Amino acid sequence: MKRKEPQIDHIELESLSFEHLLAVALESGQPFAAWKMPQENTQSIVVSLQKDALKVSADLEDLPNGFLAHPFQTKDNQAYLIPADIYYTTEMDHIDFSNSYDLNIKERVEKEIHNFDPKKSLKRWKGNMLKEHFPPTSKEHFTSIVGESVRAMQNEEFTKVVLSRTKEASIKDDFSPIDLFQRLSSAYPTAFVSICYIPHVGLWMGASPETLISVDENGVFKTVALAGTQASDGLSPKEASWKSKEIEEQALVSRYIINCFKKIRLREFEEIGPRTVAAAHLLHLCTEFKVDTKATNFPQLGTVMLELLHPTSAVCGMPKEIATDFILQNEQYNRSIYSGYIGPIGLENRHHLFVNLRCLQLFNDHALLYAGAGITADSDPEKEWKETEIKMDTMLKHLK
């Protein structure tokens with residue numbers, strides 16, 4: 001089925017900035033998302049004019065343009081869609097406005113944008129925040145379940161599991177999500193930097209290093225196997241050395257992707273890697289996979305691979321069902337959209353979905369940080385705790 005393209009109108013503005021529109025979105029309480037793509041300087045934002053995000057199946061070919069956010073685990077396997085009722089990028093001199101809404105709404109939005117005063121209004125975003133969450137994970141609990149998982153793997157119950165935890169960090173009274181977004185964009189040019197607000201899910205920010213799937217305007221599909229982590233400590237990717245634990249962890253993820261291709265009888269793919277890549281202050285092992293969906297006559301590959309890949313073994317484990325069950329029984333908190341996937345779909349005739357890693361959730365007076373570590377039979381609980389601390393530092397050091 002062909003994608004239903006919305007009719008588009010414009011709001012012409014003489015002086016418009018990305019930060020201005022982002023500030024309006026933050027105060028409004030409307031679902032919105034803003035982002036910067038890896039290796040690009042352009043900043044983009046979509047705002048929904050509906051009260052809540054849409055609950056949808058992730059059928060990329062059928063959905064309207066917008067921003068998709070899928071939790072790690074849901075009973076109905078549905079995602080949240082923020083439709084691009086308002087769309088703007090820093091390369092545009094106007095706002096695209098879906099004219100499926102009446103003239104009165106358009107006039108109200110235009111008035112709010114013109115009259116908005118960030119200096120007076122910016123703190124009002126806190127009124128939209130969730131009030132409660134699960135208690136942060138204690139070191140005792142995390143190291144305990146790592147040890148339990150290692151014993152299970154030594155008994156050959158499964159081969160890998162990715163265990164995660166949370167950590168609270170205070171924020172200052174004058175904290176600005178907009179300032180944090182800009183700091184992250186400058187600090188992590190190779191990451192997908194994002195901020196999104198979904199009612200009942202919260203305000204989330206992140207700098208993800210990992211593409212889940214992408215399909216460009218030419219129909220080229222990409223996905224990556226990204227696993228194995230070490231602090232760069234001043235080393236370039238070419239200078240990095242890897243232990244057998246990290247090499248095997250990355251190989252498991254690569255084999256998982258290849259097995260997904262085998263399930264759909266896809267043989268025409270290009271495999272590049274593994275190679276070491278830098279992401280913030282960390283180094284990872286990465287293998288990239290490419291498929292020309294036009295040459296293979298497989299235009300639905302993005303949707304098909306989303307269903308097969310998520311949750312990937314890089315955020316879940318192997319075998320997937322057993323690892324997922326272990327996570328749900330032992331982590332003792334709801335991951336929400338952490339380790340799910342997020343990103344823009346349909347805009348500029350492209351889909352870009354990223355694993356939601358290196359992220360945090362904002363509350364009125366603090367942030368909740370998320371991080372995980374891939375556990376194998378050779379893992380040491382203390383070292384895995386330290387790995388999550390290193391990963392959380394990606395966001396934590398820019399909160400201060």
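Calculation rules
Residues numbered from 1 in each chain as written. Predicted model: local features only at pLDDT ≥ 70, side-chain atom pairs only at ≥ 80, totals over all residues. Heavy atoms only, no water. Helix = DSSP H or I, 4+ residues; strand = E, 2+ residues; numbered from the N terminus. Rg over C-alpha atoms; globule rule 2.2 N^0.38 Å. Buried < 20%, exposed > 50% of the residue type's maximum accessible area, 1.4 Å probe, protein only. Contact = heavy atoms within 4.5 Å. Areas by Shrake-Rupley, 256 points an atom, 1.4 Å probe, with all protein chains shown as cover. Lys, Arg positive; Asp, Glu negative; His and termini not counted. Charge placed at Lys NZ, Arg CZ, Asp CG, Glu CD. Pairing = 2+ DSSP bridges.

A.B. asks: Help me understand the overall build of the protein chain in this model?
C.D. replies: Counting secondary structure elements, the protein chain contains nine helices and 20 strands. Scaling as 2.2 N^0.38, a compact globule of 400 residues should have a C-alpha radius of gyration of about 21 Å, and the protein chain matches this with 21 Å. Oriented by its inertia axes, the alpha-carbon framework of the protein chain measures out at about 65 × 55 × 40 Å. A buried classification covers 58% of the 400 residues belonging to the protein chain. Long-range pairs, those at least 24 residues apart, make up 72% of the contacts in the protein chain between residues at least 6 apart in sequence. Accessible surface for the protein chain amounts to roughly 18,100 Å². Of this, 46% is attributable to carbon and sulfur atoms. Averaging the locations of the 44 positively and 56 negatively charged side chains of the protein chain gives two centres separated by 3 Å.

A.B. asks: Mind showing me how you'd approach the pairing of strand E12 (residues 211-215) here?
C.D. replies: Looking along a regular strand, one sees side chains alternate from face to face of the sheet. Counting buried positions along E12 gives four out of five residues, so the element sits mostly inside the fold. Pairing of E12 with strand E18 (residues 351-355), which is carried by four bridges, proceeds in the antiparallel orientation. By the bridge assignment, isoleucine 213 is partnered in E18 with leucine 353. Direction of pairing for E12 relative to strand E13 (residues 220-231): antiparallel, over a ladder of two bridges. Across the sheet, residue valine 215 finds its bridge partner in E13, namely phenylalanine 221.

A.B. asks: Please clarify how the environment of leucine 235 should be interpreted in this entry.
C.D. replies: Examined against the element boundaries, leucine 235 turns out to sit in the loop between E13 and helix H6 (244-263). With a relative accessible area of 36%, leucine 235 lands in the partly exposed category. Each C-alpha atom, one on leucine 235 and one on leucine 282, is 9.7 Å from the other, the two residues being 47 residues apart in sequence.

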